[in-house]
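# A look at the structure
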Amino acid sequence: MAFGKGCHLHLIDGSAFIFRAYHALPPLTRKSDGMPIGAVSGFCNMLQRYVEGNEGGDVTHVAVIFDKGSHTFRNDLYDKYKANRDEMPEDLRPQIPLTRRATEAFNIACKEMEHYEADDMIATLACQAREAGGRVTIISSDKDLMQLVGDGVVMLDAMKNRVIDVEGVEEKFGVSPDRVVDVQALAGDSVDNVPGAPGIGIKTAALLINEFGSLEELLNRAEEIKQPKRRQTLIEHREQIELSKRLVQLDCDTPLDFTLDDLEVRDPDPERLLGFLAEMEFRTITKRIAEKLGVEAPIIEETSPAAPAAQDEPPAAPIDPEAYEWVQEPGQLAKWVEAIRERGYVAIDTETTGLDEMTCDLVGISLAVEPGVACYVPLCHRDGEEGLFSGPGYSEGQMPLDEALALLRPVLEDPAILKIGQNLKYDLKVLGRYGVAMAPIDDTMLLSYALNAGLHNHGMDALSERYLGHRPIEIKSLIGTGKSQITFDRVPVAEAVKYAAEDADVTLRLWQVFKPQLHVKKVTTVYETLERPLIPVLARMEETGIKVDRDTLSRMSGAFAQKMAALEEEIHGLAGRPFNVGSPKQLGEILFDELSLTMPDGKAPKKGKTGAYGTGADVLEDLATLHDLPRRILDWRQLSKLKSTYTDALQEHINADTGRVHTSYSQAGANTGRLASTEPNLQNIPVRTEEGRRIREAFVAEPGKVLVSLDYSQIELRILAHVADIEALKAAFREGQDIHAATASEMFGVPMEEMTPEIRRQAKAINFGVIYGISGFGLARNLRIPQEEAQGFIDRYFERFPGIKDYMTETTAFAKKMGHVQTLFGRKIHTPEINAKGPGAGFARRAAINAPIQGTAADVIRRAMIRMPAAIADMPAQMLLQVHDELLFEVEANAADALIKRAKEIMEGAALPAVDFSVPMVVEAGSGESWAAAH
DNA sequence: GTCATCACG
DNA sequence: GACGTACGTGATGACC
């Protein structure tokens, strides 16, 4: 039935339901696996009571509307909007997706939209329904929605079972509904952090609005207010009041991706509803609903409390590659789509012709809906010989790509269906190129990373062996290695089915192991706020890439080659014979055997596992005082590095279509939470030497644009000052002092005015040493001073800043006791070696000291990156690269200043509201036509 | 494949 | 008292 006159729309405020359910019920957990389900249980009860209450009523259309994401246009208007909200409780977070599934199970339309508040969607729907001549009931008690009341729109407080109509609103606000926003704008709202006018509450606001008729009139004629204080407040805070009005005014023009007609009331499908309730193990409500629907209640087995996933525990159903389905026909695929809809989630894996998501082609898609139940949809497999006039033809038993994607797209894009995968950033990018915007997603690699960082790697094969006791089919066995390697499209379909479907099956099983653990290990927030939302952000940065000028690199490469040739000749002369300058082994023999150089400190020159002489830069630096050769070698090596790794190799990575270099970020690579950049690594482009820095001149902006670089200043030291609570350091940061000079001054008693570069340099080395878990030996080597002297520095440092020593002791003790350390945002980094004997323990101790600091810094910039796309959505700007404490953007030149201002705010406030640092976070900015100029 | 070296934060 | 040490990464060329 199309929505129109005589129709009655119910709009349920989903978030209100959830929070009410959460707070009304004790923290229940699901028996079988410990998953928290208290709020879901309450939510289902409320939905059931709602449905029962409306039987025989006149409701024709209904929807539950949810909030999604935290950033909306209101945050752009006012960055502190809802800023004092507490973070969501740890045990509620995993229940949120389940409330969506519950709604779907009741067969009630479930709607949410990224970047839009539920309130605005409700407002838009209410307006549309009113215009169509229908009636609306908003089920909520949120006063922010009261502005919508009137003209056939009422609210219903479900708890008190009280209808709020125009009179009800007038009772609450003292004005008619159409003036409610005016009152709210004046009175403000501490819950949503809407400022309003200081000292004015609802009562006074209503009085003023009734007297002047409207807020605009009031502000224009503020001079006429008799009370001097009130008058002054209104005149002084005019802008703030106007801003407040924009914040509280609901938007009736939200661009909805559905219509009122989609919300028609539907009967629940008993099987689906009871299936969901049984899965949640809700006995009472399952029984009640089964009786009501007149069907048999599914049996919920009494299970013992979840045993931890043991390595030796056999998998639920054996993994059998022969049992997977080869999907050839649309009808077959439609059945899988149906199965996915019933489940509410699916594990997915895409097979492609290569590893480069930018250029590879989609070959097939595998799906799994429950352990052992998986399929493979081959799409572009080929067989036959590569002939002179004919290429290989498509294999039999495949579906046309378009047809398969058309069937799959609705579930892949359905916000109520969770897509599970291993390293889904890859699949997300591939599918994106075929016009499929996959969401929402869960990534088993990142689940493992949040749970197990520091314990092991997070590749699928290793996870499968460890957690499922199963070694999956190796890709090598299908495509081979090296020169004879083939692409996946040439793998016979029958073989591909086993391999690909097994991957999806394994992924699903891993998800079932990891997902409940998230809550048990208390890393749900880490996963939900630092891992999952970062996936699409990184995907977009990688797709965007950065423009690299080939000619610049090429020219530099030629210049380097010339210089190297000249140096090589000189080196051979100094050595007395030609040799491979690039071979450390040959060099060692020349230096120590043929030239018989000895180390200035008298130590023996040997080192290294292979027994070869060490010829590292530090060694050559020491030898440079005795002979000319080592210095020439150092020069040659610098050029060789720049040429091979940068000016030459980088050119290979310029994408032929885009003219840009597209790195790949590994989100679960570094144990501390840092990202790693590969193929190519754009996080180690030279900067420290003048010659190396020139490489950055090849990283450029498109014509008319500039590159903008923003980097956190001394973020790790600031975090150290905060976590170790060092008042002297904190004060230095607050006062914007040169932190290394301030440290030196404190340590050596030198006044800041008399600071010398040498003393400052030493203090700087100590500051960094502290972050790394300092030792006398390490500092001595770094500063090239005797170890006793270095130890003296360290002792003095600890004396002056006793909090540092305490921090180190406490952190080490924590790691020994718990087996992990953590960042301020709750990220856990495991330290399995900390209690080992031997040198390993030393490494582990220093890593444990460093990890919370490096990791917290990594978390901060992750938070900034996650918020960035929405914050700069209205600007002609793109985020390109992350280099641990730096973000690089490309932006239209005339918008650079605006971008810097906006991005800086996001970065400096990134820790809030979860962590409120006691030192300021400072971000420095630069811009220019190349990375060299911007940095 | 492993090692040494060196680029970055 | 001896031991071996800065933290975290990735790419390259030499060598086995």
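Everything quoted here is computed from the prediction, not taken from an experiment. (Residues numbered from 1 in each chain as written. Chains lettered and ligands numbered in written order. Predicted model: local features only at pLDDT ≥ 70, side-chain atom pairs only at ≥ 80, totals over all residues. Heavy atoms only, no water.)

## Details of unusual backbone geometry
Cis geometry marks the peptide bond from Ala439 to Pro440, where omega comes out at -10 degrees. The omega angle of the peptide bond from Glu679 to Pro680 is -5 degrees, so this bond is cis rather than trans. In this structure, Pro680 sits in the loop between strand 18 (676-678) and helix 27 (690-693). With a phi close to 55 degrees, Asn423 is a non-glycine residue in the positive phi region. Take Asn423: it is sitting in the loop between strand 13 (418-421) and helix 16 (424-433). Within the chain, His884 stands out as a residue other than glycine whose phi angle is a positive 70 degrees. Of note, His884 is situated in the loop between strand 23 (877-882) and strand 24 (886-892). With a relative accessible area of 24%, His884 lands in the partly exposed category. (Helix = DSSP H or I, 4+ residues; strand = E, 2+ residues; numbered from the N terminus. Buried < 20%, exposed > 50% of the residue type's maximum accessible area, 1.4 Å probe, protein only.)

## Here we look at the protein's contact with DNA strand C
Near DNA strand C you find 32 residues, and of these Ser583, Ala649, Glu679, Asn681 and Phe777 are the closest. Here the atoms of DNA strand C within 4 Å of the protein split so that 63% fall in sugar or phosphate, with bases taking the remainder. Note that a base nitrogen of DNA strand C is positioned 3.2 Å from one of the backbone N or O atoms of Ala765. Here Ser775 contributes a side-chain N or O atom positioned 3.1 Å from a base oxygen of DNA strand C. Listed by contribution, the elements that provide at least two residues to the surface near DNA strand C are helix 26 (629-652), strand 18, helix 31 (757-771), helix 32 (776-783) and helix 35 (839-871). (Near = heavy atom within 4 Å. Polar contact = N/O pair within 3.5 Å; in protein donor to acceptor, adjacent residues only side chain to side chain.)

## Side note on the protein's contact with DNA strand B
Around DNA strand B sit 23 residues in total, of which Thr615, Ala617, Val687, Arg688 and Asp885 are the nearest. Those atoms of DNA strand B that come within 4 Å of the protein belong to sugar or phosphate at a rate of 73%. Arg674 has a polar side-chain atom sitting 2.9 Å from a base nitrogen of DNA strand B. Contact distances for DNA strand B include 2.5 Å between a phosphate oxygen and a backbone N or O atom of Val687. Counting residues per element, the surface near DNA strand B draws most heavily on helix 26, at four residues.

## Side note on the domain arrangement of chain A
What the domain assignment reports for chain A is domain 1 (8-171 + 251-263), domain 2 (321-521) and domain 3 (546-661). Between the C-alpha centres of domain 1 and domain 3 the distance comes to 65 Å. (Domains from an automatic or database assignment.)

## A word on the pairing of strand 24
The buried count for strand 24 comes to six of seven residues, which makes it a mostly enclosed element. Relative to strand 24, strand 20 (residues 705-712) runs antiparallel, the two sharing seven bridges. Directly across from Val708, in strand 24, lies its bridge partner Phe889. In this structure, strand 23 lies alongside strand 24, joined through five bridges in antiparallel fashion. Residue Gln882 lies in a different strand from strand 24, and its bridge partner there is Leu887. In this structure, the hairpin formed by strand 23 and strand 24 is closed by a connection of three residues, where His884 is found at a positive phi of approximately 70 degrees. (Pairing = 2+ DSSP bridges.)

## Looking at the sheet that holds strand 15 (residues 546-548)
Taken together, three strands build an open sheet; the order of strands is 16-15-19 and the sheet is antiparallel. Where the open sheet ends on each side, the last strands, each with one partner, are strand 16 (660-661) and strand 19 (699-700). Relative to strand 16, strand 15 is paired through two bridges, and the arrangement is antiparallel. The partner of Lys547 across the bridge, within strand 16, is Arg660.

## Focus: the packing of aromatic side chains
This structure, assessed with the given rule, holds ten aromatic pairs. Taking the centre distance of 6.1 Å and the plane angle of 75 degrees together, the rings of Phe17 and Phe43 count as edge-to-face. One end of the pair, Phe17, is in helix 1 (residues 14-24); the other, Phe43, is in helix 2 (residues 38-53), and 26 residues separate them in sequence. Side by side, Phe17 and Phe43 carry an identical accessibility label, which is buried. (Phe/Tyr/Trp six-rings, centres within 6.5 Å; stacked < 30°, edge-to-face > 60°.)

## Topic: the pattern of salt bridges
Summed over all chains, the structure comprises 57 salt bridges. Arg135 is the partner of Asp58 in a salt bridge, and the nearest nitrogen-oxygen pair spans 2.2 Å. Of this pair, Asp58 sits in the loop between helix 2 and strand 2 (61-65) while Arg135 sits in strand 4 (residues 135-139), and the two are 77 residues apart along the sequence. Of the residues examined, Asp58 reaches a relative accessible area of 39% and is grouped as partly exposed. The class of Arg135 is partly exposed, set by a relative accessible area of 41%. (Salt bridge = Lys/Arg side-chain N within 4 Å of Asp/Glu carboxyl O.)

## Some thoughts on the environment of Asp165
Considering the arrangement of structural elements, one finds Asp165 in the loop between strand 6 (162-164) and helix 6 (166-173). According to the relative accessible area criterion, Asp165 is partly exposed, its value standing at 29%. Each C-alpha atom, one on Asp165 and one on Leu215, is 23 Å from the other, the two residues being 50 residues apart in sequence.

## Observations regarding the side chain of Asn75
Mapped onto the elements of the fold, Asn75 is located in helix 3 (residues 73-77). Given the relative accessible area of 15%, Asn75 is considered buried. Separated by 2.8 Å, the side chain of Asn75 and the backbone nitrogen of Thr72 make a polar contact. Ignoring sequence-local partners within four residues, the contact set of Asn75 consists of Ser70 and Tyr81. (Contact = heavy atoms within 4.5 Å.)

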